[in-house]
Amino acid sequence: MKKYLVNSGADIHAGMQANVRTVGVQWLPEYQTLEFSVAPHFLLKSIEEFLHIVPLIGESKE
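Note that the structure is a prediction, hence the values are computed from the model and not measured. (Residues numbered from 1 in each chain as written. Predicted model: local features only at pLDDT ≥ 70, side-chain atom pairs only at ≥ 80, totals over all residues. Heavy atoms only, no water.)

## Let's talk about the overall build of the protein chain
- If you tally the helices and strands in the protein chain, you get two helices and three strands.
- Residue burial in the protein chain is summarised as follows: out of 62 residues, 29% are buried.
- When contacts within the protein chain are restricted to residue pairs at least 6 apart in sequence, those whose partners lie at least 24 apart make up 24%.
- Accessible surface, the protein chain as shown: approximately 4400 Å² in total, 58% of it carbon and sulfur. (Helix = DSSP H or I, 4+ residues; strand = E, 2+ residues; numbered from the N terminus. Buried < 20%, exposed > 50% of the residue type's maximum accessible area, 1.4 Å probe, protein only. Contact = heavy atoms within 4.5 Å. Areas by Shrake-Rupley, 256 points an atom, 1.4 Å probe, with all protein chains shown as cover.)

## Some details on unusual backbone geometry
- The phi torsion at Asn-19 lies on the positive side, around 60 degrees, for a residue other than glycine.
- Topologically, Asn-19 is positioned in the loop between helix H1 (9-17) and strand S2 (21-25).
- In this structure Asn-19 comes out as exposed when scored by relative accessible area, which is 56%.

## Quick look at the side chain of Ser-46
- Of note, Ser-46 is situated in the loop between strand S3 (42-44) and helix H2 (47-59).
- Among the polar contacts listed, one links the side chain of Ser-46 to the backbone nitrogen of Glu-49, at a separation of 3.1 Å. (Polar contact = N/O pair within 3.5 Å; in protein donor to acceptor, adjacent residues only side chain to side chain.)

Interpretation note: all reported values are geometric properties and have no functional meaning in isolation.
Set out below in structure tokens:
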């Protein structure tokens, strides 16, 4: 399954419609909403989390 890095509810919705796994990011709270209107498959709150999970997502065979 393909992955899609998103930062808005509209992006998550588009990803779900396209049948891709969504990864919501919220590491800029001054500029981004604290809650998405649609829940992503994964939610990352920091760049450190992103750097940790990217290799794991890249290895996924889904």
